[in-house]
Amino acid sequence: MKKTIAFQGVLGAYSHLACQELYPEDNYLPCSSFDEAFSSVQSGKADLAVIPIENSAAGRVADVHFLLSQTPLYIIGEHFLHIHHQLIGLPGSKLNEIKTAFSHPQALAQCSKFLKHRGIIPLAQDDTAHSCELIINNHDTSIAAIASKSAALLYNLPILSSDIENAANNTTRFLVMSREHKIPQDNGEKFITSLIFKAKNIPAALYKALGGFATNAINLSKLESYLLGGKFFAAQFYIEVESHPDRQAFKNALSELQFFSDEITILGTYRSHPYREADI
């Protein structure tokens, strides 16, 4: 039976491309926002959501990091998508006449050098592929969109300049979110465990809370903080641990984390993607 995979954006968006790579035989549900994609899985309208969390050049996707600290969903996988941006215009548009480019803020940031060199003004929109629809509706050949080749084909628009991203290895990491907490069996492979914790309000609490991972030789690949209740002195932390919960070293480190934390929520354990080991 085919699954339904939710993503933020419209058909042709990079999240849609990630869904196609991960689940080529399934159905896809475009959503207007990340929150809608999360809600679609929570309500049962979709089985899974594929959500971008960070880019190698432009950094984290801020909205998603906030939602991770709020959602009841679990992370069951990760995927890395190599991103190539295209400057897409209307029929009759000329590259040297483009004054403005529409796209998602992340895409604009990833193409900042090209835009600055060309003197093109970036204007943020809610989605890369949807920006193609916007330039069609504007009927202005001086306005372009930054999106994928798939989006250009979908909207039957010409590509004015190809692969305009700042870095050749421009890559976006996606998370796969599910209602079910599925922990894969530890078969000796490399795993990532994502969790959120609130450190106790004592001196050096964060240092002490994370010390168990150092003494047990477990690497942390990510550490992010969130302010709680709008207060600058209260925070919770998101970490990604390169280990599996069934391993004794992880259990030892978790015990120490629990001693110096008020709350711990495990968001999921999933296999480390081969991209992490690639020599890029």
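Here the structure is shown first, and the text comes after it.
Now for a description of the structure that goes with this document. Computed from a predicted model, the values in this text were never measured in an experiment.

1. Quick notes on the environment of asparagine 169
Turning to its location among the elements, asparagine 169 is positioned in the loop between β10 (159-161) and β11 (171-178). Overall, asparagine 169 belongs to the partly exposed group, its relative accessible area being 34%. Each C-alpha atom, one on asparagine 169 and one on histidine 82, is 6.9 Å from the other, the two residues being 87 residues apart in sequence.

2. A closer look at the sheet that holds strand β8 (residues 121-124)
Judged by pairing direction, the sheet is mixed, and its five strands sit side by side in the order β8-β7-β9-β6-β10 without closing on themselves. With one partner strand each, in any of the chains shown, β8 and β10 form the two edges of the open sheet. Taking each pair of neighbouring strands and ignoring which way they run, the sheet shows an average axis angle of 40°. As judged from the two bridges shared by strand β6 (residues 86-88) and β10, these two strands associate in the antiparallel manner.

3. So, the layout of surface pockets
Approximately 210 Å³ is the volume found for the largest pocket. Lining the largest pocket are 13 residues, with Lys3, Leu48, Ile76, Ser178 and Lys182 positioned closest to its centre. Going through the elements one at a time, β5 (74-82) and β11 are the ones with two or more residues in the lining of the largest pocket. Top contributing element to the lining of the largest pocket by residue count: β5, with three residues. The residue inventory of the lining of the largest pocket, partitioned by class, reads five nonpolar, two polar and six charged.

What counts and what doesn't
All chains use their own residue numbering, which begins from 1 and follows the written sequence. Per-residue local features of the predicted model are confined to residues with pLDDT of at least 70, and side-chain atom pairs are confined, for both listing and counting, to 80 or more; whole-chain, interface and lining totals are unaffected and use all residues. As a rule here, side-chain values come from all non-hydrogen atoms in the structure, and water together with hydrogens is ignored. A run of DSSP states H or I qualifies as a helix once it reaches four residues; a run of E qualifies as a strand once it reaches two. Both are numbered from the N-terminal end. Burial classification: accessible surface area is computed with a 1.4 Å probe over protein chains only, and a residue below 20% of its type maximum counts as buried, one above 50% as exposed, and the rest as partly exposed. Strand pairing requires that DSSP identify at least two bridges connecting the strands. Every axis in this analysis is a line fitted to C-alpha atoms, fitted for helices over the stretch in contact. Angles between the N-to-C directions lie between 0 and 180 degrees. Points on a 1 Å grid, built from protein atoms alone, make a cavity when a 1.4 Å probe fits but cannot get out and make a pocket when they are open with protein on both sides within 12 Å along at least 5 of 7 lines; residues with an atom within 4 Å of a point are the lining residues. Grid points are joined across faces, edges and corners, and a volume is the space filled by probe spheres set on the points. Three categories are distinguished: nonpolar for Ala, Val, Leu, Ile, Met, Phe, Trp, Tyr, Cys and Pro, charged for Asp, Glu, Lys and Arg, and polar for the others, with Gly belonging to the last.

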